[in-house]
Amino acid sequence: YQSSNNDYPILIFLHGAGSRGNGTTDLGKIKKNGPPSYIESGHNMQFTVNGKSESFIVISPQLRSSYGSWPAFYVDLVIEHVKKTYRVDEDRIYLTGLSLGGGACWTYASYQESYAKKVAAMVPIAGHQSYNSSKVCNVAQNNVSVWAHHGDADGSTPLKYSQDWVNGINNCSSDKLADLTIYPGAGHSGAWERAYKTGHEYNDPSIYEWLLLQKRGKATVWTTPDPEPENQAPVAKAGADVSLELPDEDQVVLNGSSSFDPDGNITS
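Residues numbered from 1 in each chain as written. Predicted model: local features only at pLDDT ≥ 70, side-chain atom pairs only at ≥ 80, totals over all residues. Heavy atoms only, no water.

Q: Would you explain the packing of aromatic side chains in this entry?
A: Two descriptors summarise a pair of aromatic rings, namely the distance from one centre to the other and the angle between the planes of the rings. Counted by the stated rule, this structure contains 15 aromatic pairs. Judged by centre distance (5.1 Å) and plane angle (85°), the ring pair of Tyr67 and Tyr74 falls under edge-to-face. Judged by relative accessible area, Tyr74 falls into the buried class, the value being 14%. Between the aromatic rings of Tyr111 and Tyr115, the centroid separation amounts to 5.7 Å while the plane-to-plane angle is 20°, which identifies the pairing as stacked. Relative accessible area serves as the criterion here: at 40%, Tyr111 is assigned to the partly exposed category. Taking relative accessible area as the criterion, Tyr115 reaches 10% and is therefore assigned buried. Here the aromatic residues Phe47, Phe56, Tyr94 and Tyr208 are joined through ring pairs into a cluster of three or more. Taking the ring centre of Tyr1 as reference, the NZ or CZ of Arg87 above it sits at 4.0 Å. (Phe/Tyr/Trp six-rings, centres within 6.5 Å; stacked < 30°, edge-to-face > 60°. Buried < 20%, exposed > 50% of the residue type's maximum accessible area, 1.4 Å probe, protein only. Lys NZ or Arg CZ within 6 Å of the ring centre and 35° of its normal.)

What follows is the structure, given as C-alpha cells:
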C-alpha cells in the first residue's frame, strides 16, 4: 500500500453480538472469528484471481456494547470514513458479517438505494435479521451480488432468514443475483467457521476469491450446474443359454463380449 498509488478493494467485516465492546481496550474481541482471526494468525489477505494477485484492505469496526444491533447509519459512517481515509476502489467495496453482523449486511444493503449503490457484493453468514419484503428489492435493483451461508442445524438463527432474503432478492430480478450455501449438520458458529476458510476446504472459489471478482453495478448472475447424472450399472450378457448333460459334458465357455455399460465403458 505504501509503495504504490493503487486503489484497493475494501472488505468490511461486521462481527457478531459477542464481540461488541468499547472500541478501545475491547478491540481484541474482534479477533476471535472471521478475517480478523486469520490476520491475527499472519494471513496477508492476498489472493490470486484470474492469474492476478490482489490484496484486501480489511476493516473490522467494533459495535459499542450499548447497541443491540448494527444500525444501517452506523455501517454507512464506517464506509464513508474508509472512503475518505484510504485509497479505495469504490467499485469494489464489500460487506461481510456473521450472526448479528450478517444481519447487518441484509439491513444495510436493503435499507435504501443510496446505501445499496455503495456496495459491490456481500457475504452474510448466519445473518440474524428477519426478512423485510418491503426493502429487499433495493438489493437486486442496485445489482448487489450476494453469497449467503448458513448451517442447517443452526439453533440460534433460523435458516429460513437466509432463505427468505435470497429468494426475495432473486424474485426482484429476472436474473439470479443471490445464492445460498447450506452446510449440512453445521450449527450457528459452524457456518462461519466453514465459510471464512481462506482455502478451498468447503468452497471453491473461496468467498475472498469470489468477492474480488465482483464490481459495483455488475452483479454476478448465479447459475446452478446441471446435476451429475446417476450412474447406471453395466449390463452383463453371457450369450445364449447352454445346457450340459452330466457326466459326459462338464465344461462350457461363456462369451461376455455383448455386455455393455449404458453410460460408460466396461474396463474388466
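Don't stop here, the text continues.
Q: Looking at this model, I keep getting lost on the state of the cysteines. Mind explaining?
A: All chains considered together, the criterion is met by one disulfide. Linked covalently through their sulfurs, Cys137 and Cys172 form a disulfide whose S-S length is 2.0 Å. When the S-S torsion is -75°, as for the bridge of Cys137 with Cys172, the disulfide is left-handed. Of the two residues, Cys137 is situated in helix α5 (residues 137-141) and Cys172 in the loop between α6 (159-171) and β8 (178-183); the sequence distance between them amounts to 35 residues. Look at Cys172 and you get partly exposed, because its relative accessible area is 23%. Cysteine Cys105 is unpaired, with the sulfur of Cys172 as its nearest cysteine sulfur at 18 Å. Of the residues examined, Cys105 reaches a relative accessible area of 0% and is grouped as buried. (Disulfide = S-S within 2.5 Å. Helix = DSSP H or I, 4+ residues; strand = E, 2+ residues; numbered from the N terminus.)

Q: I'm lost on the sheet that holds strand β5 (residues 88-98) in this one. Help?
A: Paired through their backbone hydrogen bonds, the strands of a sheet run either parallel or antiparallel. Spatially, six strands are ordered β4-β1-β5-β6-β7-β8 in an open sheet, and the strand pairing comes out parallel. On the outer flanks of this sheet lie β4 (57-59) and β8, each paired with one strand and no other. When the angles between neighbouring strand axes are averaged without regard to direction, this sheet yields 15°. Here five bridges tie β5 to strand β6 (residues 121-125), and the two strands are oriented parallel to one another. Looking across to β6, one finds that Thr96 is bridged to Val123. (Pairing = 2+ DSSP bridges. Axes fitted to C-alpha atoms, helices over the stretch in contact; angles between N-to-C directions.)

Q: Would you take a moment to explain the pattern of salt bridges for this structure?
A: In a structure, side chains of opposite charge can pair up when their charged atoms sit close to one another. For the coordinates displayed, the defined rule picks out eleven salt bridges. Taking the shortest distance from any N to any O, the salt bridge between Glu113 and Lys117 comes out at 3.9 Å. Across the salt bridge formed by Lys176 and Asp179, the nearest N and O atoms sit 3.4 Å from each other. Each member of the salt-bridge network shares a partner with another, and the members are Asp76, Glu80, Lys83, Glu90 and Lys118. (Salt bridge = Lys/Arg side-chain N within 4 Å of Asp/Glu carboxyl O.)

Q: In this structure, what is going on with unusual backbone geometry? I would like to understand it.
A: Here Asp204 and Pro205 are connected by a cis peptide whose omega angle stands at 10°. Relative to the helices and strands, Pro205 resides in the loop between α7 (188-195) and α8 (207-212). Here the residue pair Leu246 and Pro247 is connected by a cis peptide bond, since its omega of 0° sits within 30 degrees of zero. One non-glycine residue, Met45, lies in positive phi territory at about 55°. Along the polypeptide, Met45 turns up in the loop between α1 (34-40) and β2 (46-49). At Ser99, a position not held by glycine, the phi torsion is positive, near 55°. Looking at the secondary structure, you find Ser99 in the loop between β5 and α3 (100-111). For Ser99, a relative accessible area of 12% corresponds to the buried category.

Q: In this structure, what is going on with a nonpolar patch on the surface? I would like to understand it.
A: Together, Val242, Leu244, Leu246, Val252 and Leu254 line one region of the surface with nonpolar side chains, adding up to about 490 Å² of accessible area. Along the chain, Leu246 falls in the segment after α8. (Patch = residues over 30% accessible without salt bridge, like charges linked within 9 Å, V, L, I, M, F, W, Y side chains within 5 Å. Areas by Shrake-Rupley, 256 points an atom, 1.4 Å probe, with all protein chains shown as cover.)

Q: Sorry, what's going on with the pairing of strand β7 (residues 145-151) here?
A: It is a general feature of regular strands that their side chains alternate between the two faces of the sheet. Extensive coverage of β7 is indicated by the burial of seven of its seven residues. Alternating positions in β7 separate into two faces, Ser145, Trp147, His149 and Gly151 on one and Val146, Ala148 and His150 on the other, with burial throughout. Strand direction decides the pairing type here: β6 and β7, joined by three bridges, are parallel. Looking across to β7, one finds that Ala121 is bridged to Ser145. Of the strand pairs in this sheet, β7 and β8 are connected by six bridges, and their pairing is parallel. If you follow His150 over to β8, its bridge partner there is Ile182. On the question of chirality, the crossover connecting β7 to the parallel β8 by way of α6 is right-handed. (Right-handed = clockwise from strand over helix to strand, strands pointing away.)

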